[in-house]
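# Structure assessment
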2 protein chains.
Amino acid sequence: MADEVVLLDFWPSPFGMRLRIALAEKGVKYEYKEEDLRNKSPLLLQSNPVHKKIPVLIHNGKAVCESVIALQYIDEVWTNKPLLPSDPYLRSQAKFWADFVDKKIYDLGRKTWTSKGDDQEAAKKEFIDCVKLLEVELGDKPFFGGETLGFVDVALVPFYSWFSVYEKFGNFSIEPECPKFIAWVKRCLEKESVSKSVPDQDKVCDFVVEMRKKLGIE
Amino acid sequence: MADEVVLLDFWPSPFGMRLRIALAEKGVKYEYKEEDLRNKSPLLLQSNPVHKKIPVLIHNGKAVCESVIALQYIDEVWTNKPLLPSDPYLRSQAKFWADFVDKKIYDLGRKTWTSKGDDQEAAKKEFIDCVKLLEVELGDKPFFGGETLGFVDVALVPFYSWFSVYEKFGNFSIEPECPKFIAWVKRCLEKESVSKSVPDQDKVCDFVVEMRKKLGIE
């Protein structure tokens, strides 16, 4: 039986982008289904009844939810171009930094443009500090995965597509503070699996401007 | 070289209990080091410089942080009595429910006794709903892992030691609402790996009463 792979996704979602990149890296063909998050499809509600969130990977009718878990699933099922190393300690470290992205980069990134006043200033400072920590972890390697794109690269690079949003509405500049990080992003974007899976920053920014208008925010 | 295993822990921590149970299940001998969280040891700060949190598993000098990641590490290094199944889909489901425990049971459990008024009422209701969802996931199996203790069992059962705290300070009763869950807890506690790793509810409750006195809370 040929594999039937469906991805329930929403184009500006960095979590969805992770799965798009991983599937592209592995050369897995799949059907992309865009979700309207204000009017979720019966398939989404049935596939992720607990969280009702995208992305959901549906493989031969079985749903896998939560992007970091789905990344591991993809890596275990399609074993060409491994994302995680085979050594247990190195695996644990890659999972640690992917978890750091979820706990820090996502949350702080959101706060840089949705909070105000002192909270916003604190979020911007902590966000930059976290990106700098990631630069230290990257060290002199071309990718977090070493010579090739790995688990942390795939988990992290999608957030770059939101940097213009953070910068515009947070009124600060990330790029001059973190040149090493930006050089890494550019290396990632040279890979078609990344460049075709991650939308342009301007497109994400326009989407946010529209959304704020609809919600009546300034 | 014999394995040198050290666990930096704090006895009432449900996250630490997870690693104690897993190491006991696998029969791994280790040195337990109790941390004073108001005066963290140099070893903790050096082993987990990012989050500065317990538990940390140190195996032959290498530190693994974040309990769910450390559980997977333990399962990959000591392969007797596997916690995770070998099938990728079943693995993803076990990881999903462990993640659910972290995102819902931990957070809501804490809110049942630290929040007030409407927030507290909502947290208590949602907490019970989540425990009931776990009962559905358990189904007719003796353990989440099937016939034996598995990944979700190890991740979840430590929270039972905090139930008296939730009930006393949240002023509600969990046990009558979730008899199937309690029956599962009792099956887990029949295993020495669990009963010796999880403190008595009264001891945790006394600890919280003392802590609240020190902090000047009612």
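Structural data are supplied above this passage.
Conventions used here
- Residues numbered from 1 in each chain as written.
- Chains lettered and ligands numbered in written order.
- Predicted model: local features only at pLDDT ≥ 70, side-chain atom pairs only at ≥ 80, totals over all residues.
- Heavy atoms only, no water.
- Helix = DSSP H or I, 4+ residues; strand = E, 2+ residues; numbered from the N terminus.
- Least-squares fit on C-alpha atoms with pLDDT ≥ 70 in both.
- Contact = heavy atoms within 4.5 Å.
- Pairing = 2+ DSSP bridges.
- Axes fitted to C-alpha atoms, helices over the stretch in contact; angles between N-to-C directions.
- Expected span 1.5 Å × (residues − 1).
- Buried < 20%, exposed > 50% of the residue type's maximum accessible area, 1.4 Å probe, protein only.
- Arc of directions from axis to C-beta.
- Buried area = accessible area lost by both parts, 1.4 Å probe.
- Salt bridge = Lys/Arg side-chain N within 4 Å of Asp/Glu carboxyl O.
- Polar contact = N/O pair within 3.5 Å; in protein donor to acceptor, adjacent residues only side chain to side chain.
- Nonpolar A, V, L, I, M, F, W, Y, C, P; charged D, E, K, R; others polar.

Within the secondary structure, A:Phe181 sits in helix 8 (residues 179-189). For the pair formed by A:Phe181 and A:Val157, sequence separation is 24 residues and the distance between their alpha carbons is 9.9 Å.

Further remarks concern the relation of the copies chain A and chain B. Laying chain A over chain B is done by rotating through 180 degrees and shifting 0.0 Å along the axis; what remains is an RMSD of 0.0 Å. The symmetry that links the two subunits is that of a two-fold axis. Here 100% of the interface residues in chain A have copies in chain B that are interface residues too; the copies meet face to matching face.

In sheet architecture, strand pairing relies on hydrogen bonds along the backbone and comes in two forms, parallel and antiparallel. Residue and element names in this part refer to chain B. An order of 2-1-3-4 is seen for the 4 strands of this open sheet, with the pairing classed as mixed. Of all the strands in the sheet, just strand 2 (31-34) and strand 4 (62-65) have a single pairing partner and so form its edges. Between one strand and the next, the sheet's axes are offset by a mean angle of 20 degrees, whatever the strand orientation. As paired strands, strand 1 (residues 5-9) and strand 2 are joined by 4 bridges and run parallel to one another. Paired with Leu8 across the bridge in strand 2 is Lys33. Lying on the sheet, helix 3 (residues 67-77) is in contact with strand 3 (56-59) and strand 4; it crosses strand 4 at an angle near 125 degrees.

Residue and element names in this part refer to chain A. In spatial order, the strands read 2-1-3-4; together these 4 strands make up an open sheet with mixed pairing. Each edge of the sheet is formed by a strand with only one pairing partner; in this case those strands are strand 2 (31-34) and strand 4 (62-65). Between one strand axis and the next, the sheet turns through 20 degrees on average, direction left out of account. Bridge analysis of strand 3 (residues 56-59) against strand 4 gives 4 bridges, and the strand direction is antiparallel. Bridging from a neighbouring strand, Ile58 pairs with Ala63 of strand 4. Strand contacts of helix 1 (residues 14-26): strand 1 (5-9), strand 2 and strand 3, with the helix running at about 155 degrees to strand 1, the strand carrying the most contacts.

What follows is about the side chain of A:His51. One can find A:His51 in the loop between helix 2 (42-47) and strand 3. In contact with A:His51, other than residues within four places in its own chain, are A:Glu66, B:Phe96, B:Phe100 and B:Lys104.

Our next topic: helix 5 (residues 117-138) of chain B. All names here are of chain B. Taking 1.5 Å per residue, 22 residues should reach 32 Å; helix 5 reaches 32 Å between its end C-alpha atoms and fits that length. Among the residues of helix 5, those classed as buried are Gln120, Ala123, Lys124, Phe127, Ile128, Cys130, Val131, Leu134, Glu135 and Leu138. Mapping the buried residues of helix 5 onto a view down its axis gives an arc of 160 degrees, with all of them on the same face. In helix 5, the exposed positions angled more than 90 degrees off the buried face are occupied by Asp118, Lys125 and Val136. Positioned one or two residues after helix 5, Gly139 has a phi angle of 60 degrees, which is positive.

Here we come to the interface of chain A and chain B. The partner chain B presents 26 residues to the 26 residues of chain A that form the contact. Buried area between chain A and chain B, summed over both chains or domains, comes out near 2,200 Å², and the portion from carbon and sulfur atoms is 68%. Where chain A touches chain B, the interface holds 6 salt bridges. Linking A:Glu66 and B:Lys103 is a salt bridge whose minimum nitrogen-to-oxygen distance equals 2.4 Å. On the surface where chain A and chain B come into contact, there are 10 residue pairs in polar contact (both at pLDDT 80 or more). Considering each element in turn, the side of chain A that touches chain B owes the most residues, 12 residues, to helix 4 (residues 88-114) of chain A. Grouping the amino acids of the side of chain A that touches chain B by side-chain chemistry returns 13 nonpolar, 5 polar and 8 charged.

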